[in-house]
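The lines below spell out each chain.
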Amino acid sequence: PVSSTNMAAGMRSGFVLFLAFGISCATNENEVSSLIDDLFDDTDYNKDVIPMLKPADKTTNVNAINIAVGLSMIRMDLDPAGVLSATTWLRSSWSDFRLQWDPEQYDGLDNIKIPSSKIWKPDLSIYNAADFGSGSFEDRYSLDQTNAIVYSTGKVLWIPPLPMKADCNHDHVLPSTDQNDPQGCNIKIGSWTYDGFHLNLTAFGGEEYLDLGDMSKNSPYVVTSQEGDALQTKYYPCCKEPYLSMNYRFTVQRAFAILDGKKVFDKSPEDLEKLFEQYQTTFTGNK
């Protein structure tokens, strides 16, 4: 039988381990709290101010903040009027010099996850959006609470899940076509107010294509080709500043329809499987 002395020693050891674990967790939590206080409260961080170290140069983007933008498609549908409804992950990254810290001063803490509502975010919009107001991309983007990862270098990584509706071919009348035929579409994303001397748009991960690697196999429509070269620069007659955008141009085709409660395929399941395999790398399709 186990002696009372041994039992007491074991209980003491267990209590010490529990106490040490609790202290460790509390210390880590205290470091995060302390860091957040230092970054936001003690410095009067203003999330409405663009994090530029110097004012914008009048002729170049030398002082502009670099914003990497990408778009992952998860699910899409297309109505007869040419409006594409999509579930997406917006991939974005930038640096905010006000969010830098020395990890050694915070027990080695080199990144934190915080609600994106606490930090500055670029004012990205869908230029060819088919809807505005409650529930739209702009509405969800501005109100989104998805955590951003902030690194000690000041780098911010934010990948929120967002719905969007885009008006395909909004600059001309969409012809009457068979819904089984491939349909051209585009999604154009950029800053609503900042020019390229303030906000320098770049391609997330260097990819100027839609990311299709996480596309749902139950998406009613699929992407059959992409043009690439999404990063575009435009100048207006009034101004010398450039305006940058990511203009994703692609074709979609119906994968299946629901008729009388049943899934009716427009593309064979075998062809769809091959297509989704190709999505695992940068997909361009047959242009």
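Residues numbered from 1 in each chain as written. Predicted model: local features only at pLDDT ≥ 70, side-chain atom pairs only at ≥ 80, totals over all residues. Heavy atoms only, no water.

Trainee: For this particular structure, what's the right way to read the pattern of salt bridges?
Mentor: Counted under the stated rule, the structure contains four salt bridges. R98 is paired through a salt bridge with D96; the nearest N and O atoms lie 3.0 Å apart. One salt bridge connects D266 with R254, and the closest N-O pair in it is separated by 2.7 Å. Taken together, the residues D266 in the loop between β14 (262-265) and α3 (269-278) and R254 in strand β12 (residues 243-254) connect sequence positions twelve residues apart. Judged by its relative accessible area of 30%, D266 falls in the partly exposed class. Under the relative-accessibility criterion, R254 is labelled buried at 17%. (Salt bridge = Lys/Arg side-chain N within 4 Å of Asp/Glu carboxyl O. Helix = DSSP H or I, 4+ residues; strand = E, 2+ residues; numbered from the N terminus. Buried < 20%, exposed > 50% of the residue type's maximum accessible area, 1.4 Å probe, protein only.)

Trainee: Where do I start with a negative patch on the surface in this structure?
Mentor: Negative charge collects at one region of the surface, where D37, D41, D42 and D44 lie side by side. Along the chain, D37 turns up in helix α1 (residues 4-41). (Patch = residues over 30% accessible without salt bridge, like charges linked within 9 Å, V, L, I, M, F, W, Y side chains within 5 Å. Areas by Shrake-Rupley, 256 points an atom, 1.4 Å probe, with all protein chains shown as cover. Lys, Arg positive; Asp, Glu negative; His and termini not counted. Charge placed at Lys NZ, Arg CZ, Asp CG, Glu CD.)

Trainee: Can you walk me through unusual backbone geometry in this structure?
Mentor: Backbone geometry follows two general trends: most residues other than glycine have a negative phi, and most peptide bonds adopt the trans configuration. Even without a glycine there, the phi angle at D107 is positive, about 55 degrees. Following the sequence through the fold, D107 ends up in the loop between β2 (83-95) and β3 (111-115). Owing to a relative accessible area of 57%, D107 belongs among the exposed residues under this scheme. Even without being a glycine, D260 presents a positive backbone phi close to 55 degrees.

Trainee: What's the story with empty space enclosed by the protein in this structure? I'm lost.
Mentor: Tallied over the entire structure, the rule returns one cavity of 30 Å³ or more. Put simply, the largest cavity is a space of about 40 Å³. Lining the largest cavity, in full, are Y127, S191, Y194, L199, L201, Y243 and L244. Counting only elements with at least two residues in the lining of the largest cavity, the list comes to β9 (199-203) and β12. The class makeup of the residues in the lining of the largest cavity is six nonpolar, one polar and no charged. (1 Å grid on protein atoms, 1.4 Å probe; cavity = no way out; pocket = protein on both sides within 12 Å on 5 of 7 lines; lining within 4 Å. Points joined across faces, edges and corners; volume = space filled by probe spheres on them. Nonpolar A, V, L, I, M, F, W, Y, C, P; charged D, E, K, R; others polar.)

Trainee: Looking at this model, I keep getting lost on the side chain of N200. Mind explaining?
Mentor: Take N200: it is sitting in strand β9. For N200, a relative accessible area of 14% puts it in the buried group. In terms of polar contacts, N200 uses its side chain to reach the side chain of N61, at 3.5 Å. In terms of polar contacts, N200 uses its side chain to reach the side chain of N66, at 2.8 Å. Excluding anything up to four places from it in sequence, N200 contacts N61, A64, I65, N66, I67 and L244. (Polar contact = N/O pair within 3.5 Å; in protein donor to acceptor, adjacent residues only side chain to side chain. Contact = heavy atoms within 4.5 Å.)

Trainee: Looking at this structure, how should I read α3?
Mentor: It helps to recall that an α-helix has 3.6 residues per turn; residues three or four apart then point in one direction. Taken together, the buried positions of α3 are L272, L275 and F276. Looking straight down α3, one finds its buried side chains confined to an arc of 95 degrees; they lie on one side. For α3, the exposed residues set more than 90 degrees away from the buried face come down to E270, K274 and E277. Each element contacted by the buried residues of α3 is listed here: β10 (221-226) and β14. (Arc of directions from axis to C-beta.)

Trainee: Is there a simple way to explain the side chain of S136 in this structure?
Mentor: If you trace the backbone, S136 turns up in the loop between β4 (124-126) and α2 (137-143). For S136, the side chain forms a polar contact with the main-chain oxygen of G133, separated by 2.7 Å.

Trainee: How should the environment of L244 be read in this particular structure?
Mentor: As for its placement among the helices and strands, L244 is situated in strand β12. Since its relative accessible area comes to 14%, L244 is described here as buried. Measuring from C-alpha to C-alpha, the distance between L244 and L201 comes to 6.1 Å, with 43 residues separating the pair along the chain. Contact partners of L244, with chain neighbours within four places excluded, come to Y127, G190, S191, G196, N200, L201, L231, Q232 and T233.

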